[in-house]
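Survey of secondary and tertiary structure
These are the residues of each chain, in order.
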Amino acid sequence: MLSKTLVPQSVAREIQTMIRSGVLKAGEKIPSQREFSQTLGVSRASLREALLTLETLGLLKTEMGRGTFVATPAEGESQSGAHMAPWRYSDSYSVFDVFQTRILLEGEIARLSAGRLTQLQLEKMEKATQTMEECWAGQDLLANVEADLEFHGIIVSACSNAMLRALYQNVRDQVTETQRQPIPITDPQRMRDSIAEHRRIIAALSQNDAALARREMEGHIRNTARCAGLKP
């Protein structure tokens, strides 16, 4: 039985391990949700969320009327032939809207966080960035995104405006999806650039330069949007 703490993330990690170790092979159809949830000892709702996460990361592929399959290397690797998964929140907000909101919201949050981050928080941000780099090299895509989420979350936690912090939490699911969705089409150079952008954000915040922190954060999100084929 998997831990009940953050169950969908634990399930996603378990399935990613099965894929990376070859227990689930490229092109193989995964078991039905009923069977798979029983095997893993989790609810179907938790399994469904985990499968959606892995599909967004390009590790799984759902075919209408056929089921869900482990992506082949051509589908799962970051290359020009890969595709992003369908946007999960299209019934409420477009992915363009979310990126545009991120630019406004996280840019201002970064500005208001300058001068408020402790040395320990800055060190945690650098560690998260290093983890992103290492996990990308090892193609641990879940851990790569989790480290990215931690990086941005630390900045939010230091923001002086409680309402902006609350607004961020209210849209965090959609924000998280924009951090996952471009992964299948992210090439190594874009990931290197993204990591360099993180370090420039850290530098601006450590220098207590609010205006620069805002510019660096806005530029970082715009570049991520461009990777997804958008220009918000």
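What you are looking at is a predicted structure, and each value in this text was computed from that prediction instead of being measured.

Side note on the nonpolar core
- Judged by nonpolar contacts, the single largest core of 63 residues is most densely connected at I15, M125, I155 and L205.
- In terms of residues, this core owes the most to one element, helix α7 (residues 141-157), which gives nine residues.

Comments concerning helix α10 (residues 188-206)
- Here α10 contains 19 residues, and its C-alpha end-to-end distance of 27 Å stays within 8% of the 27 Å for a straight helix at 1.5 Å per residue.
- Listed as buried for α10 are R190, M191, S194, I195, E197, H198, I201, I202, A204 and L205.
- Structurally, α10 contributes buried residues whose contacts are with α5 (95-113), α6 (119-137), α7 and α11 (210-227).
- The positive-phi residue at the C-terminal boundary of α10 is N208, with phi of around 60 degrees.

So, the packing of α5 against α7
- It is the contact of α5 with α7, at a shortest axis distance of 8 Å, that shows an interaxial angle of 60 degrees. The angle between the axes of α5 and α7 places the two elements in the oblique class. For the element pair α5 and α7, the recorded crossing hand is left-handed. Contact with α5, carried on its side by R102, E106, I109, A110 and S113, involves H152, I155 and V156 of α7 and no other residues of that element.
- In the contact of α5 with α7, the residues fall into four nonpolar, two polar and two charged.

Quick notes on the packing of α6 against α10
- Two numbers describe how α6 lies on α10: the axes approach to 10 Å, and their chain directions differ by 175 degrees. In terms of orientation, α6 lies roughly antiparallel with respect to α10. Only P188, M191, I195, H198, R199, I202, L205 and S206 of α10 make contact with α6, whose side of the interface consists of L122, M125, E126, T129, Q130, M132, E133 and W136.
- Across the contact of α6 with α10, the residue classes break down as nine nonpolar, four polar and three charged.

Considerations on the layout of surface pockets
- Its volume calculated, the largest pocket comes out at about 430 Å³.
- Among the secondary structure elements, those contributing two or more residues to the lining of the largest pocket are α1 (7-21), α3 (44-56), α7 and α9 (172-180).
- The residue makeup of the lining of the largest pocket, split by class, is nine nonpolar, five polar and eight charged.

Looking at the pairing of strand β1 (residues 60-63)
- Inspection of the sheet shows β1 paired to strand β2 (residues 67-70) by four bridges, in the antiparallel sense. The residue bridging T62 from the neighbouring strand is T68, located in β2.
- Hairpin connection, β1 to β2: the antiparallel pair is bridged by three residues, and G65 has positive phi, about 80 degrees.

Conventions and cut-offs
Residues numbered from 1 in each chain as written. Predicted model: local features only at pLDDT ≥ 70, side-chain atom pairs only at ≥ 80, totals over all residues. Heavy atoms only, no water. Core = buried A, V, L, I, M, F, W, Y, C linked by side-chain atoms within 4.5 Å. Buried < 20%, exposed > 50% of the residue type's maximum accessible area, 1.4 Å probe, protein only. Helix = DSSP H or I, 4+ residues; strand = E, 2+ residues; numbered from the N terminus. Expected span 1.5 Å × (residues − 1). Contact = heavy atoms within 4.5 Å. Axes fitted to C-alpha atoms, helices over the stretch in contact; angles between N-to-C directions. Parallel < 35°, antiparallel > 145°, perpendicular 65-115°, else oblique. Left-handed = near helix turned anticlockwise from the far one by under 90°. Nonpolar A, V, L, I, M, F, W, Y, C, P; charged D, E, K, R; others polar. 1 Å grid on protein atoms, 1.4 Å probe; cavity = no way out; pocket = protein on both sides within 12 Å on 5 of 7 lines; lining within 4 Å. Points joined across faces, edges and corners; volume = space filled by probe spheres on them. Pairing = 2+ DSSP bridges.

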